[in-house]
There are 2 protein chains.
Amino acid sequence: MRQNYTVNIPELAQFTQIIMDLSDDLITVIDQQGMIVAMNTAASRLLGVRPAQMIGRSLVQAVYGGKKFDYQGNYLSPLVETLETGREFKNIETKIKSPLLKSDFVCRTTTGLLRDAQGYAAAAYAYDKNLTEARYLERTNENLKEVLHTQQLQTVLAFTEAIGTRDNYTRGHSERVAEYAQMIATAMGLPDISQLVYIAALVHDVGKIGIPEHILNKPGRLTEAEYQVIKQHSVLGANILKKVDSFSDLVAIVRAHHERYDGNGYPDGLRGEEIPLISRIISVADAFEAMTSDRSYRRRFSIEQALAELRRCAGSQFDPVIVDNFIKLVIGTGWGKSLG
Amino acid sequence: MRQNYTVNIPELAQFTQIIMDLSDDLITVIDQQGMIVAMNTAASRLLGVRPAQMIGRSLVQAVYGGKKFDYQGNYLSPLVETLETGREFKNIETKIKSPLLKSDFVCRTTTGLLRDAQGYAAAAYAYDKNLTEARYLERTNENLKEVLHTQQLQTVLAFTEAIGTRDNYTRGHSERVAEYAQMIATAMGLPDISQLVYIAALVHDVGKIGIPEHILNKPGRLTEAEYQVIKQHSVLGANILKKVDSFSDLVAIVRAHHERYDGNGYPDGLRGEEIPLISRIISVADAFEAMTSDRSYRRRFSIEQALAELRRCAGSQFDPVIVDNFIKLVIGTGWGKSLG
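Residues numbered from 1 in each chain as written. Chains lettered and ligands numbered in written order. Predicted model: local features only at pLDDT ≥ 70, side-chain atom pairs only at ≥ 80, totals over all residues. Heavy atoms only, no water.

Let's talk about the overall build of chain A
Phase 1 of the analysis: Across its full length, chain A holds 16 helices and five strands.
Phase 2 of the analysis: Relative to a compact globule of 340 residues, whose C-alpha radius of gyration would be 20 Å, chain A shows 34 Å and is clearly more extended.
Phase 3 of the analysis: Each principal axis of the C-alpha distribution contributes one length, and for chain A these read about 100 × 40 × 40 Å.
Phase 4 of the analysis: The buried share of chain A, taken over its 340 residues, is 49%.
Phase 5 of the analysis: A separation of at least 24 residues holds for 49% of the contacts in chain A among residues at least 6 apart in sequence.
Phase 6 of the analysis: Carbon and sulfur atoms make up 50% of the accessible area of chain A, which amounts to about 16300 Å² in all.
Phase 7 of the analysis: Taking the average location of the 38 positive side-chain charges in chain A and that of its 40 negative ones, the two points are 3 Å from each other. (Helix = DSSP H or I, 4+ residues; strand = E, 2+ residues; numbered from the N terminus. Rg over C-alpha atoms; globule rule 2.2 N^0.38 Å. Buried < 20%, exposed > 50% of the residue type's maximum accessible area, 1.4 Å probe, protein only. Contact = heavy atoms within 4.5 Å. Areas by Shrake-Rupley, 256 points an atom, 1.4 Å probe, with all protein chains shown as cover. Lys, Arg positive; Asp, Glu negative; His and termini not counted. Charge placed at Lys NZ, Arg CZ, Asp CG, Glu CD.)

Pasting the structure below:
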């Protein structure tokens, strides 16, 4: 039992009243009959009354409209429960309905009995730690994080809009690749990264902004020199995204989306697991989308042809596990039908 | 004087100790001799001691190392000042140095005297509202706002990078226009918008991403049809930026940067004050930058020629007040010399 130092405080009643009224926490004391013997300013302010108006009234009458239990038979007031059952609460979260505030008031509540020298309950107190301000700040915090996240997503959409202003094909292509890539991630049991996969796929070709359109949209085969220019787009894209700290995850993914599983891709010749997983997923989705849509220089493949091509290149161009998953996904869902 | 309801609380000393120790606020009481008669858990925890260890010790000795005043002769402890001078404090901000925490502990402090029935000071109390958690959340909020702001700036830089990947001239042009525009805003006594001016000017030509480079970089005069295509860039730019909510300020500015003061500009034919102020500022900076740099189809103007041209078009193409300010700026600072 801790030492009771309060016995040394002169003018204790005066002091207790002062500290109760300086507190932002809600403090209420009821006697053996459930009558309010003390209520501090913070508590009464919430109820829209002066403390003096509450003294001597029944807590159940004054605050709970005469109701002691809810329809399930639970005490509405932890303080009344403590008085009547002796059950004390320590730091439980409670909501107090304030007639003055529109929303509930959230508190961390502790209750207990005051015992006389014989150990009998002389009164019960409730100490409700007022969490409102802290909760408000926490909520603001959450909102800001949300805004930050939204801003990231919107920035990605602004980039796809920027791609679209000069190259509508790439915009549509990116949107379909994003859909396919996200479906692969989900099918592979990777829901945690599925949003990142979607976003990364949306901007994987952002570097094409930097490729002259006479090369980008050239009908027919590219010369070797033109192909070298096109190949810059993954690095250009990574360089654009690198400017935004919160896009750091995207930079490596976009840079590596033309790497090959066998190490013969570009720009860095990464191989196998060295290539970010999301880049490997995008690579499969990208190839499938490209094969199954018309290009200026050829007609599109059928779904079957495209899947056969993916299978043929599994282990060389593509991660074989991802190809397997993708083929199962297309066949299993009959999803190819709607495309083909 | 408020009604003293605490007289009705049974077992007052027990109750007072309980609520003191439930409080996160720091509560200290000293007697007439400055000896600590009560200190709650929140206060003693900060000092790294148990409350019982502090009781009966001199506050000046136990907490302030025996020093009562700072080198300017001010009381180190508001509580001691209250006891000795009778001066009471209400909600003053204080910093408490805790040996346990690296940073200062910020409190909102109230002090006062406890008076006996004859009105003599029997003791003094300090009630320090603990602002640490709230301040921590506030700081986190500030940091998040900072990150949000940084992300916006970085996104703008990513767009200038995107412009730069295909059109290095526009990037350099935009950077110089941003500088000039910001100088105009500052010279006009508009420091509040100077950063927005800078950012808006950096991205004012972002829509050029959507203009085919054979038109954008055409040496020689544009045909009417080509000019119509070029003119789309302000709307394309606004459409890109529109995707990001936090860029809403930029959208109208970028859209209107080719409006003319006389209403003969594009895309909306706005006139005078209908044109956003920042667009009018960018318009002057833009024209000046364009005139004073070499283009594929002409050599650059001298500073004097460019200023004369701005003056000639003040009131028709440009806001005359902004032109005046700009000319004063260039002449007054001798800044033209370094450019010319």
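Details of the packing of aromatic side chains
Phase 1 of the analysis: As enumerated under the stated definition, the model contains nine aromatic pairs over all chains in all.
Phase 2 of the analysis: Every member of this aromatic cluster is reached through a ring pair, and the members are Tyr180, Phe288 and Phe326 of chain A. (Phe/Tyr/Trp six-rings, centres within 6.5 Å; stacked < 30°, edge-to-face > 60°.)

Comments concerning the relation of the copies chain A and chain B
Each of the two chain copies can be brought onto the other by rotation about an axis and movement along it.
Phase 1 of the analysis: Take chain A, turn it by 179 degrees, move it 0.5 Å along the axis, and it overlays chain B with an RMSD of 0.6 Å. Within this description, the copies of the chain are treated as partners about a two-fold rotation axis.
Phase 2 of the analysis: Both copies present the same face, since 100% of the interface residues in chain A are matched by interface residues at the equivalent positions in chain B. (Least-squares fit on C-alpha atoms with pLDDT ≥ 70 in both.)

A few points about the UniProt feature "domain: HD" (unreviewed entry) in chain A
Phase 1 of the analysis: In this numbering, the UniProt entry assigns the feature "domain: HD" (unreviewed entry) to residues 170-291 of chain A.
Phase 2 of the analysis: From the first C-alpha to the last, residues 170-291 of chain A spans 14 Å; its make-up is 58% helix and 0% strand. (UniProt positions renumbered as here; feature names shortened; annotations may be inferred.)

As for the packing of helix 14 (residues 303-313) of chain B against helix 15 (residues 320-332) of chain B
Residue and element names in this part refer to chain B.
Phase 1 of the analysis: Axis separation between helix 14 and helix 15 bottoms out at 10 Å; the angle between their running directions is 160 degrees. By the angle between their directions, the pair helix 14 and helix 15 is classed as roughly antiparallel. Judged by the sense of rotation from one axis to the other, the crossing of helix 14 with helix 15 is left-handed. In contact with Ile303, Leu307, Leu310 and Arg311 of helix 14, helix 15 contributes Val323, Phe326, Ile327, Val330 and Ile331.
Phase 2 of the analysis: Residues that form the contact of helix 14 with helix 15 fall into these classes: eight nonpolar, no polar and one charged. (Axes fitted to C-alpha atoms, helices over the stretch in contact; angles between N-to-C directions. Parallel < 35°, antiparallel > 145°, perpendicular 65-115°, else oblique. Left-handed = near helix turned anticlockwise from the far one by under 90°. Nonpolar A, V, L, I, M, F, W, Y, C, P; charged D, E, K, R; others polar.)

Here we look at the sheet that holds strand 5 (residues 121-130) of chain A
Residues and elements named next belong to chain A.
Phase 1 of the analysis: The strand order across the open sheet formed by five strands is 2-1-5-4-3, and the pairing between neighbours is antiparallel. Edge positions in the open sheet fall to strand 2 (36-39) and strand 3 (92-96), since each of these has one partner strand only. When the angles between neighbouring strand axes are averaged without regard to direction, this sheet yields 30 degrees.
Phase 2 of the analysis: In the sheet, strand 4 (residues 105-115) pairs with strand 5 via nine bridges, with the strands oriented antiparallel. Looking across to strand 5, one finds that Thr110 is bridged to Tyr127.
Phase 3 of the analysis: Here helix 6 (residues 132-166) sits on the sheet in contact with strand 3, strand 4 and strand 5, set at roughly 155 degrees to strand 4. (Pairing = 2+ DSSP bridges.)

Description of the domain arrangement of chain A
Phase 1 of the analysis: Each domain of chain A was delimited in the assignment, giving domain 1 (5-130) and domain 2 (134-339).
Phase 2 of the analysis: Computed over C-alpha atoms, the centres of domain 1 of chain A and domain 2 of chain A are 60 Å apart. (Domains from an automatic or database assignment.)

Details of the sheet that holds strand 5 (residues 121-130) of chain B
Residue and element names in this part refer to chain B.
Phase 1 of the analysis: What the five strands build is an open sheet, ordered 2-1-5-4-3; its pairing is antiparallel. Strand pairing shows two members of the sheet lacking a second neighbour, strand 2 (36-39) and strand 3 (92-96), which therefore form its edges. Pairwise comparison of adjacent strand axes, ignoring direction, gives a mean angle of 30 degrees for this sheet.
Phase 2 of the analysis: Sheet topology note: the strand 1 (residues 26-31)/strand 2 ladder contains three bridges and is antiparallel.

Structural notes on the side chain of His257 of chain B
Residues and elements named next belong to chain B.
Phase 1 of the analysis: Relative to the elements of secondary structure, His257 occurs in the loop between helix 12 (248-255) and helix 13 (277-291).
Phase 2 of the analysis: Residue classification places His257 among the buried positions, given a relative accessible area of 1%.
Phase 3 of the analysis: Separated by 3.3 Å, the side chains of His257 and His233 make a polar contact. (Polar contact = N/O pair within 3.5 Å; in protein donor to acceptor, adjacent residues only side chain to side chain.)

Some remarks on the interface of chain A and chain B
Phase 1 of the analysis: Across the contact, 75 residues belong to chain A and 76 residues belong to chain B.
Phase 2 of the analysis: Between chain A and chain B lies a buried interface of about 6900 Å² when both sides are counted; carbon and sulfur atoms form 64% of it.
Phase 3 of the analysis: Contact with chain B buries area across many residues of chain A, yet Tyr5, Gln17 and Leu22 of chain A alone supply 10% of it, more than any other trio.
Phase 4 of the analysis: Run the count over chain A and chain B and you get six salt bridges. (Buried area = accessible area lost by both parts, 1.4 Å probe. Salt bridge = Lys/Arg side-chain N within 4 Å of Asp/Glu carboxyl O.)

Describing the pattern of salt bridges
Phase 1 of the analysis: In total, this model carries 38 salt bridges over all chains according to the counting rule given.
Phase 2 of the analysis: The residue Arg87 of chain B makes a salt bridge to Glu81 of chain B at a minimum N-O spacing of 3.2 Å.
Phase 3 of the analysis: Taking the relative accessible area as the measure of exposure, Arg87 of chain B reaches 48% and is therefore partly exposed.
Phase 4 of the analysis: Overall, the relative accessible area of 14% leaves Glu81 of chain B in the buried class.
Phase 5 of the analysis: Salt bridges linked by common partners bring Arg166 and Glu213 of chain A together with Arg166 and Glu213 of chain B together as one network.

Details of helix 11 (residues 233-241) of chain A
Phase 1 of the analysis: Across the nine residues of helix 11 of chain A, seven count as buried, placing the element largely inside the fold.
Phase 2 of the analysis: Every buried residue of helix 11 of chain A is accounted for by His233, Ser234, Leu236, Gly237, Ala238, Ile240 and Leu241 of chain A.
Phase 3 of the analysis: Buried residues along helix 11 of chain A sit in contact with helix 6, helix 10 (224-231) and helix 12 (248-255) of chain A together with helix 6 (132-166) of chain B.

Topic: the environment of Lys243 of chain B
Phase 1 of the analysis: Relative to the helices and strands, Lys243 of chain B resides in the loop between helix 11 (233-241) and helix 12.
Phase 2 of the analysis: Residue Lys243 of chain B is classed as partly exposed on the basis of its relative accessible area of 36%.
Phase 3 of the analysis: Separated by 210 residues in sequence, Lys243 of chain B and Gln33 of chain B have C-alpha atoms that sit 69 Å apart.
Phase 4 of the analysis: Excluding its chain neighbours within four sequence positions, the residues that come into contact with Lys243 of chain B are Gln154, Leu157, Ala158 and Glu161 of chain A.

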